[in-house]
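Read off the chains here:
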Amino acid sequence: GGAIITWGDNRNLNSDIYAQRINSAGVVQWIANGVAISINGNDQYGPSIASDGARGAIIAWRDNRNLNSDIYAQRINSAGGAQWIANGVAISTALSSQTNSTLVSDGAGGAIITWWDYRNDILSADIYAQNISGSGLLGDGSVKIQAVKDVKNDQGGKVNVYWNASPYDVQGDVIPIVFYSVFRGMRPSAASTSAVTLSPN
């Protein structure tokens, strides 16, 4: 019944990004004058916002911390606490300028962010987009199962599973994933009265 509001703010001389939550009666819920989303050097401005689906929000903005204009983003929870690294995750730091970011929820706790991008021509913008997960990792991190094939002549005992690994396995500061666990079973709705659900292996 309330809202989370974000804005560019010059209280620190440079333009920074702040946010505030109000309840359904219009009463502010966080500290007076809002919580700092990004107060890094140089200017940050033009924020856009989308729900994270968990009473928080994801905010994206144009950021001049690297002298060129880039796109950064931050997730905040319902209490206004930053959920990603301080001052936001870099969405695009390509050559030349990236501006005019906007975003929508991806329905899974993250967001899809799009922006005008001048990396290919400083006089003509292209449109780029990026998905960021609820944990602040870029791209679709889901594992993609490619095939499941029965092992012949073992009376249904084993299958071979083929998949493409998640790009999150070795992204950034994440500890590399060295194995996956595969679970098998039968949906209760599909099981006959005489069938037994298999245990994870």
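In the block above lies the structure referred to throughout.
Here we summarise the structure given alongside this text. Remember, it's a predicted structure, so these values are computed and weren't measured experimentally. (Residues numbered from 1 in each chain as written. Predicted model: local features only at pLDDT ≥ 70, side-chain atom pairs only at ≥ 80, totals over all residues. Heavy atoms only, no water.)

**Some details on the side chain of Ser 48**
- For Ser 48, the position within the fold is in strand β4 (residues 44–51).
- The buried category is assigned to Ser 48, whose relative accessible area is 12%.
- Only 3.2 Å separates the side chain of Ser 48 from the backbone oxygen of Ser 101, close enough to count as a polar contact.
- Excluding its chain neighbours within four sequence positions, the residues that come into contact with Ser 48 are Ile 58, Ile 59, Ala 60, Ser 101, Thr 102 and Leu 103. (Helix = DSSP H or I, 4+ residues; strand = E, 2+ residues; numbered from the N terminus. Buried < 20%, exposed > 50% of the residue type's maximum accessible area, 1.4 Å probe, protein only. Polar contact = N/O pair within 3.5 Å; in protein donor to acceptor, adjacent residues only side chain to side chain. Contact = heavy atoms within 4.5 Å.)

**Overview of the sheet that holds strand β8 (residues 98–105)**
- An order of β8-β9-β10 is seen for the three strands of this open sheet, with the pairing classed as antiparallel. Bordering the open sheet on either side are β8 and β10 (126–132), each of which pairs with just one other strand. Direction aside, the axes of adjacent strands within the sheet are offset by 20° on average.
- In terms of strand pairing, strand β9 (residues 111–117) meets β10 through seven bridges, oriented antiparallel. What sits directly across from Trp 116, in β10, is Ile 127. (Pairing = 2+ DSSP bridges. Axes fitted to C-alpha atoms, helices over the stretch in contact; angles between N-to-C directions.)

**Comments concerning the nonpolar core**
- In terms of nonpolar packing, the biggest core is built from 13 residues, with Ala 73, Trp 84, Ile 91, Leu 103, Ala 111, Ile 113 and Ile 132 touching the most fellow members.
- Put simply, the parts of the chain that give this core at least two residues each are β5 (57–66), β6 (68–76), β7 (89–92) and β9.
- Here this core takes three residues from β9, the largest share from any one element.
- Ranked by size, the runner-up nonpolar core spans 11 residues in total, among them Ile 37, Ala 57, Tyr 72 and Ile 76. (Core = buried A, V, L, I, M, F, W, Y, C linked by side-chain atoms within 4.5 Å.)

**Quick notes on the environment of Ser 166**
- Relative to the helices and strands, Ser 166 resides in the segment after β12 (159–164).
- A sequence separation of 25 residues divides Ser 166 from Gly 141, and the C-alpha atoms of the two residues are 5.1 Å apart.
- With near-sequence residues (within four places) excluded, Ser 166 lies in contact with Gly 141, Ser 142, Val 143 and Tyr 180.

**Notes on the sheet that holds β5**
- If you trace the four strands from one edge of the open sheet to the other, you get β4-β5-β6-β7, paired in antiparallel fashion. Every interior strand has two partners, whereas the edge strands, β4 and β7, have only one. Strand-to-strand twist across the sheet, computed as the mean angle between neighbouring axes with direction ignored, equals 35°.
- Taken together, the six bridges between β4 and β5 define a ladder with antiparallel strand orientation. Across the sheet, the residue bridging to Tyr 45 is Arg 62, located in β5.

**Quick notes on the packing of aromatic side chains**
- By the definition in use, this model includes one aromatic pair.
- Centre to centre, the rings of Trp 115 and Tyr 128 are 6.4 Å apart; their planes meet at 20°, and the pair counts as stacked. With Trp 115 in strand β9 and Tyr 128 in strand β10, this pair connects stretches of sequence that are 13 residues apart.
- Assessed through its relative accessible area of 3%, Trp 115 is described here as buried.
- Take Tyr 128: its relative accessible area is 26%, and that puts it in the partly exposed class.
- Arg 119 extends its terminal NZ or CZ atom over the ring of Tyr 128, reaching a point 3.7 Å from the ring centre. (Phe/Tyr/Trp six-rings, centres within 6.5 Å; stacked < 30°, edge-to-face > 60°. Lys NZ or Arg CZ within 6 Å of the ring centre and 35° of its normal.)

**A few points about the pattern of salt bridges**
- Going through the model one piece at a time under the given rule, you end up with four salt bridges.
- Its salt-bridge partner being Asp 63, residue Arg 65 comes within 2.8 Å of it at the nearest N-O pair. Each member of the pair, Arg 65 together with Asp 63, is buried.
- Among the salt bridges present, the one from Asp 117 reaches Arg 119, with a minimum N-O distance of 2.7 Å.
- Here Asp 117 falls in the buried class, since its relative accessible area comes to 0%. (Salt bridge = Lys/Arg side-chain N within 4 Å of Asp/Glu carboxyl O.)

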